[in-house]
Amino acid sequence: MTEVIGVRFKKVGKVYYFSPEGIKVNKGDHVIVETARGIEYGEAVMQNRMVEDDKIVKPLRNILRIATDADRKIVEENEKKENEAFDICLKKIAEHKLDMHLVTVEYTFDRNKVLFYFTADGRVDFRELVKDLASVFRTRIELRQIGVRDEAKMIGGLGVCGKPLCCATFLDDFQPVSINMAKEQNLSLNPAKISGTCGRLMCCLKYEQEAYDQLIRSTPSVDSVVETPQGPGTVIDVSLLKGVCKVRLDNAPDSPKCFGRCECKVLRDLRAAKRENAKSATKNTETESIPEELDILTKE
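The rules behind each value
Residues numbered from 1 in each chain as written. Predicted model: local features only at pLDDT ≥ 70, side-chain atom pairs only at ≥ 80, totals over all residues. Heavy atoms only, no water. Core = buried A, V, L, I, M, F, W, Y, C linked by side-chain atoms within 4.5 Å. Buried < 20%, exposed > 50% of the residue type's maximum accessible area, 1.4 Å probe, protein only. Helix = DSSP H or I, 4+ residues; strand = E, 2+ residues; numbered from the N terminus. Contact = heavy atoms within 4.5 Å. Pairing = 2+ DSSP bridges. Axes fitted to C-alpha atoms, helices over the stretch in contact; angles between N-to-C directions. Salt bridge = Lys/Arg side-chain N within 4 Å of Asp/Glu carboxyl O. Right-handed = clockwise from strand over helix to strand, strands pointing away.

**Student:** Which residues make up the nonpolar core, and what values do they have?
**Tutor:** Met100, Phe116, Leu133, Phe137, Ile141 and Leu143 are the most contacted members of the largest nonpolar core, which has 16 residues in total. Sorting the residues of this core by element identifies α1 (69-96), β6 (101-107), β7 (113-119), α2 (127-137) and β8 (140-145) as the ones contributing at least two each. Beyond its immediate stretch of four places on either side in the chain, Leu133 contacts Cys89, Lys92, Phe116, Ile141 and Leu143. In terms of nonpolar packing, the next biggest core, distinct from the first, is built from eight residues, Ile5, Phe18, Val31 and Val33 among them.

Right, here's the structure in full:
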């Protein structure tokens, strides 16, 4: 077990572990810590606690001190400098005629480096821009190309639900989201309705996916043959959230009935049959692709 504190450097960002070095840190305190890119100012989101060694990436860096009023003034000055640097960089980008969109600028606490975050459709040759910026700011310059999801996280805004963007309020990291999630949740596949402000699939599709996966496993699929209290039949429609299956009974095909998922016992699952057929097709393809010489050796 190792004593650590959790520090966050951005309003909504990853939490990093640091060694408190015997300093008592309370949640909400601002601290000065040593990081890979220099001295940084961050907020403690987790006070002193013991954590298992396998959850820590060693070696741990140390905190230097609890932030003072002088440190806070430096942060305020850095924020003003960031606004000035943003305007200067925009002018330089226009002068060099680069196809890139500047998102934000960030000074390190010790002002040894200025980071410029931008988005672009492809690769950008910004070597001359870096030289130009270095001659203006007289410090190390770093340009980082980020994705549109990261841009939305940094800038913030309102989602289609009318609330602030999840990524800018509480999501520490982005989770993979696929179009299959929208299909399984029976949502419209219209890109305008399932895409967020960033233009990518909405992160909230991930929130209920685990519940939908569980419901899909426990509910007969469409076209499955089931046994119901009124006899066997074929499932023609399913309402996952209501837990209701519409079944076309063999003895009354013209008048479908609705049954709860618990009342339907699966006799033949279409999904399982499709999976078996897919496996068989894959196996046959692999067998056909074996060279004749290897096939002979295998038989021997």
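**Student:** Please set out the sheet that holds β8 residue by residue, giving values where relevant.
**Tutor:** Strand order in the open sheet made by the three strands is β6-β7-β8, with mixed pairing throughout. Edge positions in the sheet fall to β6 and β8, since each has one partner strand and no second. Averaged over all pairs of adjacent strands, the angle between strand axes in this sheet comes to 20°, irrespective of strand direction. Strand direction decides the pairing type here: β6 and β7, joined by six bridges, are antiparallel. The residue bridging Leu102 from the neighbouring strand is Phe118, located in β7. Where helix α3 (residues 148-155) meets the sheet, it contacts β6 and β7, and its direction lies at approximately 55° from that of β6.

**Student:** Go over the environment of Ser188, please, and point to the residues and values.
**Tutor:** As for its placement among the helices and strands, Ser188 is situated in the loop between α4 (179-184) and α5 (191-194). Each residue touching Ser188, except ones within four places of it in the same chain, is listed here: Lys193 and Ile194.

**Student:** Could you give an account of the pattern of salt bridges, naming the residues involved and the relevant values?
**Tutor:** Taken as a whole and judged by the stated rule, the model has twelve salt bridges. In this structure, Glu77 and Arg111 form a salt bridge, with 2.7 Å as the shortest nitrogen-oxygen distance. In this pair, Glu77 sits in helix α1 while Arg111 sits in the loop between β6 and β7, placing the two residues 34 residues apart along the sequence. We classify Glu77 as partly exposed; its relative accessible area is 41%. For Arg111, a relative accessible area of 29% puts it in the partly exposed group. With a closest N to O distance of 3.6 Å, Lys92 and Asp132 form a salt bridge. You can see Lys92 sitting in helix α1 and its partner Asp132 sitting in helix α2, a full 40 residues away along the chain.

**Student:** An account of the environment of Ala134 is needed here, citing residue identities and associated values.
**Tutor:** Mapping Ala134 onto the fold places it in helix α2. Looking at Ala134, the relative accessible area reads 28%, which means it is partly exposed. Residues Ala134 and Phe86, 48 residues apart in the sequence, show an inter-C-alpha distance of 14 Å.

**Student:** Lay out unusual backbone geometry with the relevant residues and their values.
**Tutor:** The phi dihedral of Glu21 falls on the positive side, at around 55°, and the residue is not glycine. For Glu21, the position within the fold is in the loop between β2 (15-18) and β3 (30-35). In this model, Arg111 sits at a positive phi of 60°, which is unusual for a non-glycine residue.

**Student:** If you had to explain the pairing of β7 to someone new, which residues and values would you point to?
**Tutor:** Most of β7 is tucked away, with seven of its seven residues classed as buried. Between β6 and β7, which pair antiparallel one after the other, the connecting turn spans five residues, and Arg111 there sits at a positive phi close to 60°. Across six bridges, β7 lies against β8 in parallel orientation. Among the inter-strand pairings, Phe116 is bridged to a residue of β8, identified as Leu143. Following the backbone out of β7, through α2 and into the adjacent parallel β8, one traces a crossover that is right-handed.

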